[in-house]
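A closer look at the structure
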Amino acid sequence: MGPVPVRPSERHLNLRPLSFKCLSTGRGFQGHLLVYTPSWKASWTRDDRSLWAREERHCSGPTLDMPVPSSFNDVGQDRQLRSFVGWVWYEREVTLPQRWTQDLGTRVVLRIGSAHYYAIVWVNGVHVVEHEGGHLPFEADISKLVQSGPLSSCRITIAINNTLTPHTLPPGTILHRTDTSKYPKGYFVQNTNFDFFNYAGLHRPVLLYTTPTTYIDDITVTTSVDQGTGLVDYQIFAQGSEHFQLEVRLLDQEGKVVAQGTGCRGQLQVPNAHLWWPYLMHEHPAYLYSLEVRLTTQTAAGPVSDFYALPVGIRTVKVTERQFLINGKPFYFHGVNKHEDADIRGRGFDWALLVKDFNLLRWLGANAFRTSHYPYAEEVLQLCDRYGIVVIDESPGVGIESRVWAGRWDGEREREKWLSRVLPGLTSLCLLPSVDRTLIAHTKALDPSRPVTFVTNSNYEADLGAPYVDVICVNSYYSWYHDYGHLEVIPLQLATQFENWYRTYQKPIIQSEYGAGAIPGFHQDPPVMFSEEYQKALLQQYHMVLDEKRKNYVVGELVWNFADFMTDQAPQRVMGNKKGIFTRQRQPKAAAFLLRERYWKLANDTQRPPAARGSQCLESGLFHV
Ligand code: GCB
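Here the structure is a predicted model, which is why all the values come from computation and not from measurement.

What about the overall build of the chain?
In terms of helices and strands, the chain carries 12 helices and 30 strands. Summarising the internal contacts of the chain: among those between residues at least 6 apart in sequence, 69% fall at separations of at least 24. As displayed, the chain offers around 26,800 Å² of accessible surface, 52% of which is attributable to carbon and sulfur atoms.

See the structure below:
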């Protein structure tokens, strides 16, 4: 087992997943999912992790039933568990189908959607993989382990450490309290430099799936358009052998093959392509083709295929000095910032919650959101493709301090390691002089078809990243974090903010955060801070200036925040951050109705397709006020 870099806490809890849920691999014929049945064994506060992984659980203490996906923090009644910092143990026993354990032509994979923050994984007591970073999936080929013995069962053990250090993403520090007149011996707390609760656990689905031993490992697709012909460039990465055939077909929504090719790399051409449009910009938005890839290998037993179907939207995204263009047409972002956050499940993935959120986005008329402050579950992005929602996808780099990270920037290896952890999103990286430039260049090299931004505050003179981005994203909290209660200063301050940024950089600007806290049910007129009226009035002051500047170079507005969310406890936070326009339970505050009216009006004014103008409310429900 390799070294474990996060050690400040040697506290341990042992938890078991109640239902390691298998949702979808996205795989075709050869993909199989296994839904586990629960089987419980007791364990609690045992601190020799290698012993635990090797089977000797008999002397452990009590264990908690733990749902997966979920954060572990809020499901119990234990105060220690809620704010726990250290190693938490998950374990699960499953029975595998016979073919998986006996057919050596089958590759068995364990995939973990996300484990926050550092994870070590054992199968049947054998260490299989370690992973750092709480927001991206990772997997391990466990074929050899499950195919080597007579057992058809498989014991999966995952130890997770949620400690954040100056070198994690996001970073944090452990503060050791050594004054024994105030704190017990060994007392420490986790300190963070961001405004959300450090939820931890197995946050996304954990699943087992199979492929043949020669398989499709990855597919990269980029699209462009040439005079109405859609161009789909693909690159397929296969593993397991060098002898295989690859067939590629592109199907339209009726299931008709519109283009096909062979081999690992190529370009498909689609005459009169249906373009992918955001849902308020076209009568037939979010059009997705299906790219079907079949890999075939000849074996002694005959041909064996792996198959993958990837939804593909054909679209172009470009930026000019004043505009953000999708398929060559100006796009104005009217949307929200979100969090993966809800009662009880914390940051745990939940389909019901996700679909509710997307229904609320449509109710609101929001056409975009930012995945503040980390990459979200891939199911979220897939749904955005299907619903026609534009995403600003953020890295987990919130709260990075330049002096720590600049030191780590030396050397090619460190740089690559760091980049691989920060991507795929890229925002919220502030004040890292050489880091910004290199990171943005690297991001663009990986995917030249997408604009890159990072989110900054309103100090245009001190900013070091803006020269390198395509779009400037600015946050400001006028009449909230200063000039408390003085809503009348917003127009002047906000107009000055935009003018300074545009004069300096001549790039399109998005107001990436603005907002005010409101405790639902608190009313005061004339408005005072924390009342629903104040939140509404503050947004209205912003809107006046946004309406003026969007005629020039402002290309979007994203309110902070879609819903109330949990934070660390602090005197300025009232059971979390209350800047949501919806409550944490997804009920509208007064500001939600204000934004709904505004966003549908913006949709009608700026993005409504000409054919739909004149009708107040289409059958599809896409355009109404
Ligand atoms: C910000 C942060 C966000 C906070 C927000 C606030 O600038 O990006 O994480 O929650 O301000 O409410 O203070």
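Continuing now.
A short note on the site of the ligand
Residues in contact with the ligand, as listed here, are Asp 195, His 373, Asn 475, Tyr 477, Tyr 481, Glu 513, Trp 560, Phe 565, Arg 573, Asn 577 and Lys 579. At a separation of 3.4 Å, an oxygen atom of the ligand approaches a polar side-chain atom of Arg 573. One of the side-chain nitrogen or oxygen atoms of Lys 579 is found 2.5 Å away from an oxygen atom of the ligand. Out of a free accessible area of 320 Å², the ligand has 82% covered by protein chains. Residues belonging to the shell around the ligand are distributed by class as follows: four nonpolar, three polar and four charged.

A few points about helix α6 (residues 378-387)
For α6, every residue scored as buried is listed here: Glu 379, Val 380, Leu 383, Cys 384 and Tyr 387. Buried positions in α6, seen along its axis, are confined to an arc of 145 degrees and lie on one side of it. Residues of α6 that are buried in the fold lie against α5 (351-364), β25 (368-370) and β26 (390-392).

A closer look at the packing of aromatic side chains
In this structure the tally under the stated criterion is 26 aromatic pairs. Summarising the aromatic geometry, the rings of Phe 324 and Phe 331 are spaced 6.3 Å apart at their centres and angled 55 degrees between planes, so their arrangement reads as tilted. Plain terms: the ring middles of Trp 480 and Phe 530 are 5.0 Å apart, the flat faces sit at 70 degrees to each other, and that makes the pair edge-to-face. Taken as a pair, Trp 480 in the loop between β28 (471-475) and α10 (490-505) and Phe 530 in the loop between β29 (509-513) and α11 (532-549) lie far apart in primary sequence, 50 residues in all. Over the aromatic face of Phe 369 sits the side chain of Lys 338, whose NZ or CZ is 5.9 Å from the ring centroid.

A look at the packing of α10 against α11
Where α10 meets α11, the closest approach of the two axes is 9 Å, and the angle between their N-to-C directions is 40 degrees. The orientation of α10 relative to α11 falls into the category oblique. Crossing hand, α10 versus α11: right-handed. Counted together, Ile 490, Pro 491, Leu 494, Ala 495, Phe 498 and Glu 499 of α10 and Leu 538, Gln 541, Tyr 542, Met 544, Val 545, Leu 546 and Lys 549 of α11 form the full contact between these two elements.

Looking at the sheet that holds strand β8 (residues 138-141)
An order of β8-β4-β13 is seen for the three strands of this open sheet, with the pairing classed as antiparallel. The strands lining the two open edges of the sheet, one partner per strand, are β8 and β13 (206-212). Strand-to-strand twist across the sheet, computed as the mean angle between neighbouring axes with direction ignored, equals 25 degrees. Sheet topology places strand β4 (residues 106-112) next to β13; seven bridges connect them, and they run antiparallel. Counterpart to Leu 110 in the pairing with β13 is Leu 208.

Here's the deal with α5
The end-to-end C-alpha distance of α5 is 20 Å, a good match for the 20 Å that 14 residues give at a rise of 1.5 Å each. Listing the buried residues of α5 in full gives Leu 353, Leu 354, Asp 357, Phe 358, Leu 360, Leu 361 and Leu 364. On an axial view of α5, the arc spanned by its buried residues comes to 160 degrees, and they lie on one face. Just downstream of α5 lies Gly 365, where phi reads positive at about 80 degrees.

Concerning the nonpolar core
Core analysis: the biggest nonpolar cluster contains 79 residues, and Phe 358, Phe 369, Leu 539 and Ile 581 have the highest contact counts within it. Take this core: its biggest share by element is eight residues, from helix α12 (residues 590-607). Once residues lying within four places of it in the same chain are set aside, the contact partners of Leu 539 are Tyr 514, Gly 515, Val 559, Ile 581, Ala 591, Leu 594 and Leu 595. Grouped together as the second largest cluster of nonpolar side chains are 38 residues, Leu 246, Ala 273, Val 455 and Leu 558 included.

Brief notes about the pairing of strand β16 (residues 245-251)
Of the strand pairs in this sheet, β16 and strand β19 (residues 289-299) are connected by seven bridges, and their pairing is antiparallel. Within β19, the position partnered with Leu 250 by the bridge is Leu 291. Bridge count for β16 against strand β17 (residues 257-262) is five bridges, and the pairing is antiparallel. When the bridges of β17 are listed, Val 248 appears paired with Gly 261. If you look at the hairpin formed by β16 and β17, you'll find five residues sitting between the two strands, and Gly 255 has a positive phi there, around 90 degrees.

Thoughts on the confidence of the model for the chain
Here the chain shows a mean pLDDT of 83. Residues at 70 or above account for 81%. Within the model, the stretch residues 1-61 combines pLDDT values under 50 with 209 contacts to residues more than four positions away or in other chains. Ignoring residues within four places in sequence, the model shows residues 610-625, a span with pLDDT below 50, making 33 contacts including any to other chains.

Focus: the sheet that holds β17
Strand order in the open sheet formed by four strands is β17-β16-β19-β20, with antiparallel pairing between adjacent strands. One side of each edge strand has no neighbouring strand; the edge strands of this open sheet are β17 and β20 (302-312). Looking at each pair of strands side by side, their axes are set apart by 15 degrees on average, direction ignored.

Quick look at the side chain of Thr 316
For Thr 316, the position within the fold is in the loop between β20 and β21 (317-319). Setting aside residues up to four positions removed in sequence, Thr 316 forms contacts with Ser 224, Val 225, Leu 325, Ile 326, Asn 327 and Gly 328.

Calculation notes
- Residues numbered from 1 in each chain as written.
- Predicted model: local features only at pLDDT ≥ 70, side-chain atom pairs only at ≥ 80, totals over all residues.
- Heavy atoms only, no water.
- Helix = DSSP H or I, 4+ residues; strand = E, 2+ residues; numbered from the N terminus.
- Contact = heavy atoms within 4.5 Å.
- Areas by Shrake-Rupley, 256 points an atom, 1.4 Å probe, with all protein chains shown as cover.
- Near = heavy atom within 4 Å.
- Polar contact = N/O pair within 3.5 Å; in protein donor to acceptor, adjacent residues only side chain to side chain.
- Nonpolar A, V, L, I, M, F, W, Y, C, P; charged D, E, K, R; others polar.
- Buried < 20%, exposed > 50% of the residue type's maximum accessible area, 1.4 Å probe, protein only.
- Arc of directions from axis to C-beta.
- Phe/Tyr/Trp six-rings, centres within 6.5 Å; stacked < 30°, edge-to-face > 60°.
- Lys NZ or Arg CZ within 6 Å of the ring centre and 35° of its normal.
- Axes fitted to C-alpha atoms, helices over the stretch in contact; angles between N-to-C directions.
- Parallel < 35°, antiparallel > 145°, perpendicular 65-115°, else oblique.
- Left-handed = near helix turned anticlockwise from the far one by under 90°.
- Pairing = 2+ DSSP bridges.
- Expected span 1.5 Å × (residues − 1).
- Core = buried A, V, L, I, M, F, W, Y, C linked by side-chain atoms within 4.5 Å.
- pLDDT = per-residue confidence, 0-100.

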